[in-house]
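# Structural characterization, general
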Amino acid sequence: MIRVEGFYISLCFVSFAGETLCDGRKDGAVCYGALGGTVVLQLVDDASEIPRYEWKKEKAIILKVRNSVVISNKVDERFVFTPSTGTLMINNLNRKDSGIYTLVLFDKDQKISEQRTLNLSIQGKQLFFNK
Ligand SMILES: *[C@@H]1O[C@H](CO)[C@@H](O)[C@H](O)[C@H]1NC(C)=O
């Protein structure tokens with residue numbers, strides 16, 4: 001019994017430690033992150049090609065980017081967006097980060113050109129610390 005439990009815990013450590021990379025470029029993507037860990041979401045490809053986009057959770061806009069410049073980032077410093085790579089890193093994940101996020105892309109005429117949803121699911125127990 002104890003051996004089985006030990007095995008389970010070491011498996012968790014391997015899969016939950018460190019960063020999880022998730023491709024959020026397809027509509028309806030499901031991404032998993034570990035409680036207390038870090039997830040890196042690929043939101044867009046070539047961000048420089050997109051004049052304007054927003055990333056939101058329900059009605060709350062988390063990120064606004066225009067011409068590859070982050071013009072608004074309403075959340076804490078756990079969220080780090082890198083426009084040149086189109087990736088968003090979320091550190092020290094907590095259960096409240098779970099949910100449905102929507103990426104809204106706008107064209108040159110400020111019209112919505114595309115919307116993509118991403119389901120982020122935070123899982124696991126915090127058994128160890130990420131430094
Ligand atoms: C999001 O994904 C999780 C894990 O797969 C699932 O349990 C949950 O029902 C999904 N939520 C929605 C709204 O699709």
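Details of the structure are given in the entry above.
Quick summary incoming for the structure in this document. Since we're looking at a predicted model, the values are computed, not measured.

How each quantity is defined
- Residues numbered from 1 in each chain as written.
- Predicted model: local features only at pLDDT ≥ 70, side-chain atom pairs only at ≥ 80, totals over all residues.
- Heavy atoms only, no water.
- Helix = DSSP H or I, 4+ residues; strand = E, 2+ residues; numbered from the N terminus.
- Areas by Shrake-Rupley, 256 points an atom, 1.4 Å probe, with all protein chains shown as cover.
- Disulfide = S-S within 2.5 Å.
- Buried < 20%, exposed > 50% of the residue type's maximum accessible area, 1.4 Å probe, protein only.
- Core = buried A, V, L, I, M, F, W, Y, C linked by side-chain atoms within 4.5 Å.
- Pairing = 2+ DSSP bridges.
- Axes fitted to C-alpha atoms, helices over the stretch in contact; angles between N-to-C directions.
- Contact = heavy atoms within 4.5 Å.

### Examining the overall build of the protein chain
Broken down by element type, the protein chain carries 1 helix and 10 strands. Moving toward the C terminus, one meets the helices and strands of the protein chain in the order α-β-β-β-β-β-β-β-β-β-β. Summed over its atoms, the accessible surface of the protein chain is roughly 8300 Å², and 55% of this surface lies on carbon and sulfur atoms.

### Brief notes about the state of the cysteines
Under the criterion given, the structure shown has 1 disulfide. Residue pairing for Cys22: its cysteine sulfur links by disulfide to Cys31, the two sulfurs lying 1.9 Å apart. What sets the handedness of the Cys22 and Cys31 disulfide is the S-S torsion sign, and at about -75° it is left-handed. Note on Cys31: relative accessible area 0%, which makes it buried.

### Things to note about the nonpolar core
Formed by 24 residues in total, the largest nonpolar core has its most connected members in Leu41, Tyr53, Trp55, Leu88, Ile90 and Leu120. Of all the secondary-structure elements, those providing two or more residues to this core are strand 3 (38-42), strand 4 (52-57), strand 5 (60-66), strand 7 (79-82), strand 8 (87-90), strand 9 (99-106) and strand 10 (112-123).

### Description of the sheet that holds strand 2 (residues 29-34)
A sheet is described by the order of its strands in space; here 6 strands give the open sequence 2-10-9-4-5-6, paired in mixed fashion. Strands with a single pairing partner mark the edges of an open sheet, and in this sheet they are strand 2 and strand 6 (69-73). On average, each strand axis in the sheet is tilted by 20° relative to the strand beside it, whichever way the strands run. Of the pairings in the sheet, the one linking strand 4 to strand 9 comprises 6 bridges and is antiparallel in character. By the bridge assignment for strand 9, Lys56 is matched with Thr102.

### Notes on the environment of Thr117
Residue position: Thr117 is located in strand 10. Between the C-alpha atom of Thr117 and that of Ala29, which follows or precedes it by 88 residues, the distance is 6.9 Å. Residues contacting Thr117, with those up to four places away along its chain left out, are Lys26, Asp27, Gly28, Ala29, Ile100, Tyr101 and Thr102.

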